[in-house]
Amino acid sequence: MKSVFRITLALLLLAVVFLTVACDAASNDLMEGASPSTSALALFHFDGETVTRSFVFDSDEVQKILDELGSVRATEVSDWSLDDIELPMFGFSMGAVSGDIGAAWSNGLWITQDGRAYRFDFDFDELQQEYNWTSTDRFTSFTVFPNARLFGLDDDGWDSRFLTPASPIVAPEGITMTLNSWEGDTVSVDITNNTDVGWMYGEHFELHVLLNGMWYGVPMDIGNWAFIDIGLNVWGGETIEHIYNLQMFGNLPVGTYRLVAYGLYVEHTIS
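Criteria and cut-off values
- Residues numbered from 1 in each chain as written.
- Predicted model: local features only at pLDDT ≥ 70, side-chain atom pairs only at ≥ 80, totals over all residues.
- Heavy atoms only, no water.
- Helix = DSSP H or I, 4+ residues; strand = E, 2+ residues; numbered from the N terminus.
- Buried < 20%, exposed > 50% of the residue type's maximum accessible area, 1.4 Å probe, protein only.
- Contact = heavy atoms within 4.5 Å.
- Areas by Shrake-Rupley, 256 points an atom, 1.4 Å probe, with all protein chains shown as cover.
- Salt bridge = Lys/Arg side-chain N within 4 Å of Asp/Glu carboxyl O.
- Pairing = 2+ DSSP bridges.
- Axes fitted to C-alpha atoms, helices over the stretch in contact; angles between N-to-C directions.
- Phe/Tyr/Trp six-rings, centres within 6.5 Å; stacked < 30°, edge-to-face > 60°.
- Lys NZ or Arg CZ within 6 Å of the ring centre and 35° of its normal.
- Core = buried A, V, L, I, M, F, W, Y, C linked by side-chain atoms within 4.5 Å.
- Patch = residues over 30% accessible without salt bridge, like charges linked within 9 Å, V, L, I, M, F, W, Y side chains within 5 Å.
- Lys, Arg positive; Asp, Glu negative; His and termini not counted.
- Charge placed at Lys NZ, Arg CZ, Asp CG, Glu CD.
- Polar contact = N/O pair within 3.5 Å; in protein donor to acceptor, adjacent residues only side chain to side chain.
- Expected span 1.5 Å × (residues − 1).

Caption draft 1: Spotlight on the overall build of the chain. Helices and strands together make up the secondary structure of the chain, namely three helices and 19 strands. Here the chain holds 271 residues, and the buried ones make up 42% of them. Of all intrachain contacts in the chain linking residues separated by at least 6 positions in sequence, the fraction that spans at least 24 positions is 72%. When the accessible area of the chain is evaluated, it comes to approximately 15200 Å², of which 51% is carbon and sulfur surface.

Set out below in structure tokens:
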């Protein structure tokens, strides 16, 4: 009877060990749904001034990176704030079965698109050296960083500690923009061409917020937003109305904003 008990106890202990190892080896599912067969993986790095973005295009290499990230133990943090964030910051972005996946990492925290945070111990500097990251781009605006909006807002509104100053505006000669109305997500402007030749512009625009006397780029609330690439013309001596939709920026806190497009801008205060 004792021998049967010992065997049973031993089997139970082995089962516990097996389950523990299996749980440790299981994927953390933080990149669940990522589609390496149809999308490249983009790695972002932010040093406080510049965002760099590099890609791995080979699907087998992307899968290896996803497996490596998925094997890290991730423990959800019940509460986090901007005080927990430090530089440098890393981020990922890639296509998924449904939509896109964007994630950020700083100071041992993996932060998801919906603002959840996980303790995540990983060496991203080593990851940069281990794989063949190519097609590196550099940006002076933090707005391109994955989940950037999460690091620009706190309970009191916009926080500039991780935002980057907006680039200087160079206005086109003889072209003006005036504000007709700024109601919710809809901004109506008049663009006037005071020259004798046509002036071409497009749908692209930026949104800036004034903080402590300096303008900062406002991150979008929707990841991987793309503007329609189309050419629009204002003939010499003509004034046209143009409508801008700010829906991609989500709810905007109280503050002074400016909409900037092709060197033209209008300002508005939300109170």
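Caption draft 2: Up close: the pattern of salt bridges. Scanning the model with the defined rule gives six salt bridges in all. Across the pair R161 and D159 runs a salt bridge, and its minimum N-O distance is 2.8 Å. Judged by relative accessible area, R161 falls into the partly exposed class, the value being 42%. Classification of D159 by relative accessible area gives buried; the value is 12%. What emerges from the salt-bridge pattern is a single network uniting D83, D159 and R161.

Caption draft 3: Region of the structure containing the pairing of strand β15 (residues 214-217). One ladder, built from four bridges, connects strand β14 (residues 206-211) with β15; its direction is antiparallel. Bridge pairing in β15 places L211 opposite M214. Taken together, β14 and the strand that follows it, β15, pair antiparallel across an intervening segment of two residues, in which N212 is found at a positive phi of about 50°.

Caption draft 4: Molecular detail of the sheet that holds β15. Read across the open sheet, the four strands follow the order β15-β14-β18-β19; overall the sheet is antiparallel. Only two strands of the sheet have a single neighbouring strand rather than two, namely β15 and β19 (264-270). Taken over all neighbouring pairs, the strand axes of this sheet differ in orientation by 30° on average, direction set aside.

Caption draft 5: Quick look at the sheet that holds strand β17 (residues 239-245). Pairing is antiparallel across the open sheet formed by three strands, whose spatial order is β11-β12-β17. Two strands bound the open sheet, and with one partner strand each, they are β11 (175-183) and β17. Geometrically, the sheet is characterised by an average inter-axis angle of 25° between neighbouring strands, direction not taken into account. Across eight bridges, the pairing between β11 and strand β12 (residues 186-193) is antiparallel.

Caption draft 6: Region of interest: the packing of aromatic side chains. Tallied over the entire structure, the rule returns 20 aromatic pairs. Judged by centre distance (6.4 Å) and plane angle (75°), the ring pair of Y201 and Y262 falls under edge-to-face. With Y201 in strand β13 (residues 199-201) and Y262 in the loop between β18 (255-261) and β19, this pair connects stretches of sequence that are 61 residues apart. Looking at Y262, the relative accessible area reads 35%, which means it is partly exposed. When the ring centre of Y265 is taken as reference, the NZ or CZ atom of R258 above it lies at 5.7 Å.

Caption draft 7: Structural context of the nonpolar core. The biggest cluster of nonpolar side chains holds 48 residues, and the ones touching the most others in it are F142, F145, F151, I191, Y244 and L259. When neighbours within four sequence positions are excluded, F142 is seen to be in contact with F46, V51, M89, A148, F151, F162, L163 and T164.

Caption draft 8: Focus on the environment of V218. Structurally, V218 is set in the loop between β15 and β16 (232-234). Between the C-alpha atoms of V218 and L163, which are 55 residues apart in sequence, the distance is 8.0 Å. Residue contacts for V218: discarding those within four places in its chain leaves T143, W158, L207, H208, V209, F249, L252 and Y257.

Caption draft 9: Region of the structure containing a negative patch on the surface. Taken together, D121, D123, D125, E126 and E130 make up a surface patch of like negative charges. Mapped onto the elements, D125 comes out in helix α3 (residues 124-130).

Caption draft 10: Inspection of the environment of D196 at higher detail. Note that D196 resides in the loop between β12 and β13. Linking D196 and G237, residues 41 residues apart in sequence, is a C-alpha distance of 6.4 Å.

Caption draft 11: Representation of the side chain of N193 in the model. Mapped onto the elements, N193 comes out in strand β12. For N193, the side chain forms a polar contact with the main-chain oxygen of W235, separated by 3.5 Å. Those residues in contact with N193 that sit more than four places away from it in its chain are G174, I175, G198, W199, V234, W235, G236, G237 and E238.

Caption draft 12: Up close: helix α2 (residues 59-70). The end-to-end C-alpha distance of α2, which contains twelve residues, comes to 16 Å, matching closely the 16 Å that a straight helix rising 1.5 Å per residue would cover. You can read the cap of α2 off the contacts: a side-chain oxygen lies 3.1 Å from the backbone nitrogen of D60, and it is on D58.

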